[in-house]
Every structure is written in C-alpha cells, then in structure tokens.
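Remarks on the overall topology
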Amino acid sequence: MTPEEVELLSELTIVITTYNRWSELEQIIEYLRDIPVTVHIIDGSDRACFPIGQLSGTSSIIYHHVPNTNDEDPLIHCAKRLVFGASLPKTRFSVVGTDDDFLTISGLIAAIKCLDDNNLVDAVTGRVILYRKEFKSISYCFRYPSGTDLIETEGSLIVQRLSMSSSWFLYAVCKTEVWKKFIETAY
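Here the structure is a predicted model, which means the values were calculated and not measured. (Residues numbered from 1 in each chain as written. Predicted model: local features only at pLDDT ≥ 70, side-chain atom pairs only at ≥ 80, totals over all residues. Heavy atoms only, no water.)

1. Let's talk about the overall build of the chain
The number of helices and strands found in the chain is six helices and nine strands. Burial status across the chain gives 36% buried among its 187 residues. Taking the intrachain contacts of the chain between residues at least 6 apart in sequence as the baseline, contacts between residues at least 24 apart amount to 61%. Total accessible area on the chain is roughly 11200 Å²; 55% of this is exposed by carbon and sulfur atoms. (Helix = DSSP H or I, 4+ residues; strand = E, 2+ residues; numbered from the N terminus. Buried < 20%, exposed > 50% of the residue type's maximum accessible area, 1.4 Å probe, protein only. Contact = heavy atoms within 4.5 Å. Areas by Shrake-Rupley, 256 points an atom, 1.4 Å probe, with all protein chains shown as cover.)

Have a look at this one:
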C-alpha cells in the first residue's frame, strides 16, 4: 500500500453489525486487522464475546456490546444499533456492513478517491458477489443487477432518495455527514 492509499483509508470508518455469529466476527476481524481504517463492531448478541473497547492486538478495532434487553423485534433492535453506529465515526467517510461482508481494499480506495474528487457524489458502491455452497462445490452470482438507472437517486433531499427502491446506501462507502443524516432519517 502506498502512503497516499494509507492516508485515504485512514479517513474511513467501517461499522459492522453482528448478532450471535462469533466465528464470522472473528474472520472479519482478522481480515480488517491490518487495514488502516477505524472499525466499530456493534454486537447485539445476548452475551459479549470480547471485552468492551479496543480489541487487544489491534490499533483501531473497537467492540461495542448492545444486547437486546427489552425483547424487542430483531429488526427494531438492528435499527437501534445502526443509529448508535451512526454516532461513532469521526472520519470523513463511512461504510456499514455485517460480519460476513468483505470489502476489498482496492474497492475501498477507489470509492474514497471518487468521493474525495466529486462534491456531487455522496456514496459509492461496487459489485456484490454472493457465494453459496452447493453440495461439494462453491458457486457465486452477482447479488444486484448492473446497469440499473439510478438517476432517480440523485435528488437533493435525503427523504427523496430514501423513497427510491433502488437505493443501496447502507453498503456503500459514504460521506460520513450524509450517511449520518441518512441513518437518522431512515431509522
């Protein structure tokens, strides 16, 4: 990684939500451990699987335990964790994902460069590949179709953008301030 790429990545916070998926969480921590980004893990599991705070042996991975204490609907509890997660980033760019989302370093750098160079763009997302194990082989497919006309998502109001069914804002690299407004408006 070049010094410029390290500097770009240092401007990114990744917020990861998880719930009772400890092996997946350990895999994503190992993947992100050496990438120069800030990572906030928001675990909604009944019991914490790590000590709260910065994870041992990492420089910028912070673990938060936010269990469902009121027997809330899981989707409502997930939304509450997203709202909590939106309060955490202090960097210029943010992305939210789950414990099984692996974002490529080259894709993150390209997205940050695009956002840095273009004031009219609020979020950048790439292609998503879904892997499946079928019997003894592994297959994959693209999760979202390409070539979708996203012109309707270019409105100036976040409420207008939220009303578009083609918005994939949650898994995109975003300008943090816009991402925070999106989360507050959506949830």
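2. Observations regarding helix α4 (residues 105-117)
The first and last C-alpha atoms of α4 sit 18 Å apart over 13 residues, in line with the 18 Å expected at 1.5 Å per residue. Turning to α4, the residues buried within the fold contact α1 (3-9), β1 (12-18), β5 (93-98), β6 (123-124) and β9 (173-175). (Expected span 1.5 Å × (residues − 1).)

3. A word on the packing of aromatic side chains
Scanning the entire structure with this criterion turns up two aromatic pairs. For the ring pair Phe-50 and Tyr-63, a centre distance of 5.5 Å and an interplane angle of 75° mean the geometry is edge-to-face. Placement of Phe-50 in the loop between β2 (38-43) and β3 (53-54) and of Tyr-63 in strand β4 (residues 61-65) is noted, with a sequence separation of 13 residues between them. Exposure remark for Phe-50: the relative accessible area of 23% places this residue in the partly exposed category. Directly above the aromatic system of Trp-22 lies the positively charged group of Arg-47, at a separation of 4.6 Å from the ring centroid. (Phe/Tyr/Trp six-rings, centres within 6.5 Å; stacked < 30°, edge-to-face > 60°. Lys NZ or Arg CZ within 6 Å of the ring centre and 35° of its normal.)

4. Some details on the pattern of salt bridges
What the rule picks out here adds up to six salt bridges. Taking the shortest distance from any N to any O, the salt bridge between Asp-99 and Arg-21 comes out at 2.9 Å. Placement of the pair is Asp-99 in the loop between β5 and α4 and Arg-21 in the loop between β1 and α2 (22-32), with a sequence separation of 78 residues. We classify Asp-99 as buried; its relative accessible area is 3%. (Salt bridge = Lys/Arg side-chain N within 4 Å of Asp/Glu carboxyl O.)

5. Concerning the pairing of β5
Counting buried residues in β5 gives five out of six residues, a clear majority hidden from the surface. Looking at chain direction, β1 and β5 are connected through six bridges and run parallel. The residue bridging Ile-16 from the neighbouring strand is Gly-97, located in β5. (Pairing = 2+ DSSP bridges.)

6. Focus on the environment of Pro-67
Looking at where Pro-67 falls in the secondary structure, it is placed in the loop between β4 and α3 (74-86). Between the C-alpha atoms of Pro-67 and Ser-45, which are 22 residues apart in sequence, the distance is 5.4 Å. Excluding residues within four positions of it along the chain, Pro-67 makes contact with Asp-43, Gly-44, Ser-45, Asp-46 and His-77.

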